[in-house]
Amino acid sequence: MKKNNIVLVGGGSTWTPGILKALTTHLEKFPLNQVVLYDIDEKRQEVIGKFGEILFREEAPEVNFIYTTDKEVAYKNVDFVFCQMRTGGYPMREQDEKIPLNFGVVGQETCGPGGFAYGMRSIRDMIEMVQDVRRYSPDAWILNYTNPAAIVALALQKAFPNDKKILNICDQPVNLLRSYGRLISYDYNKFEPRYFGLNHFGWFTNIYDENGNDLAPKIKETVLDGGFRPADAEQRDQSWLDTYAMVETMLNDFPEYLPNTYLQYYLYPEYKTSTLDPNYTRANEVMDGREKKVFGECRSIVEKGTAKDSHVVHNDAHGDMIVEVAASISNNLKQTYIVIVPNNGIVANLPDDVMIEVAASLGINGPQPYSVGHIDTFYKGLIENQHAFEKLTVESYFEGSYTKALQALTLNRTIVDAKKARNILDALIEANKDYWPELK
Ligand code: NAD
Ligand code: G6P
Ligand code: MN
């Protein structure tokens, strides 16, 4: 098997230790020659980088591990780019969540106006990343987690329509599959799921077991009987437990398919807004929790000089997914993952250029999505509305158009009212002036 060279863009991310750990546990499936961390924030990355040095020394000394802020060092001779950057960091995430809440609208990093604001920040840096990677490694696969993945995927498709080696992914479907597995005491590795929608806006239609039986009815029944919790509930903050619990509410109202948790913001915007605290949002919870914990753990590992028995990884699913996706592509394993691809007829009654999230077999030639066919009016209506929001957001970015930004926010189910949309847009423009193009 080929020994791969990997670069992690956003090396200082809170999720990097988990990905590094997953790289060391998947070496048999995904052999490595070199792992590089790249970040624009040298200080932030150094903490994680020093942890990585110890981890690789202990678990995989044959792999060359380095961290750098030099693009050429990072992107030269790379086979896979794993990307997870956050333009503006958590302080801007806090604004994305708090500004809408101050107008009585859902404040969430990837949904509604927060997702719009974050998308408008991510696009420029993501385009620059792809250009830089292509300068040094024209054939590398780029696997991207950077959010809002739906808007990033559409923007990259528009900027690089002929680049077939960019794949946007999200770990939430895997988190959900692991949670279904725990719920019905079944090994999630054996699930063969079918799914359709947009990123953070989709549904599981079927979850087959290894004998071809559909377990979705049993999973739905079990949720309706006793509620729903994440697979790693013991490590989750209360806000995530509340989010998973909403799956029961969604199934009560719409029992046909198993919903992605993010649909709660679009189906119950009033209720969700009433439960969110405009003075202490998820960004605060993350800064006080995960960020402190990850960086504190890394520092203490460096002090001790060993990563054995450490607890720096808070969610295995995230690291496992990106490494398994890379392994499936690299070794032509044709395993099924839920990924984001151009529709091109997969959902028969949606336009070709919608970036859909769908189950696909992943091999050496990339994703081969499983056909979905026609979807019913309720889902089609929701998706077309959300896609129009995403498309107008991306067009607003490329054209510097205020009108398209206002149209996007007015279409969004979390807002609806155009006056409200304008007030929120003006406040977001003010907060994002260092990051967005000028909107005229
Ligand atoms: P974080 O702020 O801890 O980490 C992001 C890192 O990116 C920081 O170290 C920052 O300095 C760096 N960065 C910012 N701009 C950069 C650029 N232009 N080039 C290189 N590095 C840059 O954030 P986090 O919470 O760990 O999340 C990282 C990203 O991963 C976010 O976009 C988040 O939304 C995303 N994410 C996505 C999924 C998914 O399902 N798709 C899951 C988890 C996290
Ligand atoms: C899920 C989503 C990601 C999101 C992550 C972390 O896994 O799929 O897109 O980034 O949750 O969210 P948090 O609020 O914990 O930073
Ligand atoms: Mn996601």
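Residues numbered from 1 in each chain as written. Chains lettered and ligands numbered in written order. Predicted model: local features only at pLDDT ≥ 70, side-chain atom pairs only at ≥ 80, totals over all residues. Heavy atoms only, no water.

Asks: Sorry if this is basic, but what is going on with the overall build of the protein chain here?
Replies: Across its full length, the protein chain carries 16 helices and 12 strands. Rg of the C-alpha trace for the protein chain: 21 Å, near the compact-globule value of 22 Å for 440 residues, within the 12% margin. Buried residues in the protein chain amount to 60% of all 440 residues. Within the structure as shown, the protein chain displays about 17,700 Å² of accessible surface, and the carbon and sulfur contribution to it stands at 47%. Separation between the mean location of the 46 positive side-chain charges and that of the 60 negative ones in the protein chain comes to 3 Å. (Helix = DSSP H or I, 4+ residues; strand = E, 2+ residues; numbered from the N terminus. Rg over C-alpha atoms; globule rule 2.2 N^0.38 Å. Buried < 20%, exposed > 50% of the residue type's maximum accessible area, 1.4 Å probe, protein only. Areas by Shrake-Rupley, 256 points an atom, 1.4 Å probe, with all protein chains shown as cover. Lys, Arg positive; Asp, Glu negative; His and termini not counted. Charge placed at Lys NZ, Arg CZ, Asp CG, Glu CD.)

Asks: In this structure, what is going on with the side chain of Asp 209? I would like to understand it.
Replies: Its place among the elements puts Asp 209 in the loop between strand S8 (201-208) and helix H8 (216-226). Buried and without a salt bridge, Asp 209 has Lys 218 as its closest oppositely charged side chain, separated by 8.6 Å. (Salt bridge = Lys/Arg side-chain N within 4 Å of Asp/Glu carboxyl O.)

Asks: Teacher, can you tell me more about the packing of aromatic side chains here?
Replies: Aromatic rings considered in pairs are described by the distance between their centres and by the relative angle of their planes. Summed over all chains, the structure comprises 22 aromatic pairs. With 5.8 Å between their ring centres and 85 degrees between their planes, Phe 196 and Tyr 379 make a pair best called edge-to-face. With Phe 196 in strand S7 (residues 192-198) and Tyr 379 in helix H14 (residues 377-399), this pair connects stretches of sequence that are 183 residues apart. When its relative accessible area of 2% is taken as the criterion, Phe 196 is described as buried. Assessed through its relative accessible area of 4%, Tyr 379 is described here as buried. One aromatic cluster is present, built from ring pairs that chain together Tyr 180, Tyr 195, Phe 204, Phe 228, Trp 240, Tyr 244, Tyr 262 and Tyr 265. Lying across the ring of Tyr 435, Arg 121 places its NZ or CZ 6.0 Å from the centre. Looking at Arg 194, its charged tip hangs above the ring of Tyr 370, at a distance of 3.8 Å from the centre. (Phe/Tyr/Trp six-rings, centres within 6.5 Å; stacked < 30°, edge-to-face > 60°. Lys NZ or Arg CZ within 6 Å of the ring centre and 35° of its normal.)

Asks: Please explain the site of ligand 1 as it appears in this structure.
Replies: Not every one of the 25 residues close to ligand 1 is listed here, only the nearest: Ser 13, Asp 39, Arg 44, Tyr 90 and Tyr 118. Contact distances for ligand 1 include 3.5 Å between an oxygen atom and a backbone N or O atom of Gly 12. Here an oxygen atom of ligand 1 and a side-chain polar atom of Arg 290 are 3.5 Å apart. A total of 850 Å² of accessible area belongs to ligand 1 in isolation, and the protein chains cover 93% of it. When grouped by side-chain class, the residues that make up the shell around ligand 1 number 10 nonpolar, 8 polar and 7 charged. (Near = heavy atom within 4 Å. Polar contact = N/O pair within 3.5 Å; in protein donor to acceptor, adjacent residues only side chain to side chain. Nonpolar A, V, L, I, M, F, W, Y, C, P; charged D, E, K, R; others polar.)

Asks: Looking at this structure, I do not really get helix H5 (residues 112-136). What am I missing?
Replies: Note that an α-helix has 3.6 residues per turn; residues three or four places apart therefore point the same way. When the terminal C-alpha atoms of H5 are compared, their 36 Å separation across 25 residues agrees well with the 36 Å that a helix rising 1.5 Å per residue should span. The sharpest bend along H5 measures roughly 30 degrees and falls at Ser 122. The element H5 is extensively covered by neighbouring structure, given that 19 of its 25 residues are classed as buried. (Expected span 1.5 Å × (residues − 1). Bend = angle between axes of the 7 residues up to and from the residue.)

Asks: Explain the coordination of the manganese ion (ligand 3) to me, please; I cannot follow it from the model alone.
Replies: Where a metal carries four tetrahedral donors, each ideal angle is 109.5 degrees; where it carries six octahedral donors, the ideal angles are 90 or 180 degrees. Taken together, Cys 170 (SG) and His 200 (NE2) make up the full set of protein donors to the manganese ion (ligand 3), lying 2.2 to 2.4 Å away. With Cys 170 in the loop between strand S6 (166-169) and helix H7 (172-183) and His 200 in the loop between S7 and S8, this pair connects stretches of sequence that are 30 residues apart. Residue Cys 170 is classed as buried on the basis of its relative accessible area, which comes to 6%. Assessed through its relative accessible area of 4%, His 200 is described here as buried. (Donors = N, O, S within 2.8 Å, 3.2 Å for Na, K, Ca; no water.)

Asks: Sorry, what's going on with the sheet that holds S7 here?
Replies: Spatially, 3 strands are ordered S7-S8-S9 in an open sheet, and the strand pairing comes out antiparallel. In this open sheet, the two strands that pair with only one neighbour each are S7 and strand S9 (258-259). Here S7 runs beside S8; their pairing, made up of 7 bridges, is antiparallel. Residue Glu 192 lies in a different strand from S8, and its bridge partner there is Tyr 208. Packed onto the sheet, H14 meets S7 and S8 and runs at close to 55 degrees relative to S7. (Pairing = 2+ DSSP bridges. Contact = heavy atoms within 4.5 Å. Axes fitted to C-alpha atoms, helices over the stretch in contact; angles between N-to-C directions.)

Asks: Just checking my understanding: could you explain the sheet that holds strand S12 (residues 366-369) for this structure?
Replies: Hydrogen bonding along the main chain pairs the strands of a sheet, whether they run parallel or antiparallel. The 9 strands are arranged S3-S2-S1-S4-S5-S6-S10-S11-S12 in an open sheet whose pairing can be described as mixed. Only two strands of the sheet have a single neighbouring strand rather than two, namely strand S3 (64-68) and S12. Across the sheet, the mean angle from the axis of one strand to that of its neighbour is 35 degrees, orientation sign disregarded. In this sheet, strand S10 (residues 335-342) lies alongside S6 in antiparallel orientation, the contact comprising 2 bridges. Directly across from Asn 168, in S10, lies its bridge partner Ile 340.

Asks: Would you mind going over helix H13 (residues 316-330) with me for this structure?
Replies: For H13, with 15 residues, the first-to-last C-alpha span of 21 Å sits near the 21 Å given by 1.5 Å per residue. The buried fraction of H13 amounts to 14 of the 15 residues, a majority that puts the element mostly inside the structure. Just downstream of H13 lies Asn 332, where phi reads positive at about 55 degrees.

Asks: Can you walk me through the nonpolar core in this structure?
Replies: Burial of nonpolar side chains together is a common tendency in soluble globular proteins. If you look at the biggest cluster of nonpolar residues, it comprises 92 residues, and the most contacted ones within it are Leu 23 and Phe 82. Top contributing element to this core by residue count: H13, with 8 residues. Apart from residues lying up to four places away in sequence, Phe 82 is in contact with Ile 6, Val 7, Leu 8, Val 9, Ile 19, Leu 23, Phe 30, Leu 143, Ile 322, Val 323 and Ala 326. In this structure, Ala 74, Leu 392, Tyr 402 and Trp 436 belong to the second largest nonpolar core, which totals 50 residues. (Core = buried A, V, L, I, M, F, W, Y, C linked by side-chain atoms within 4.5 Å.)

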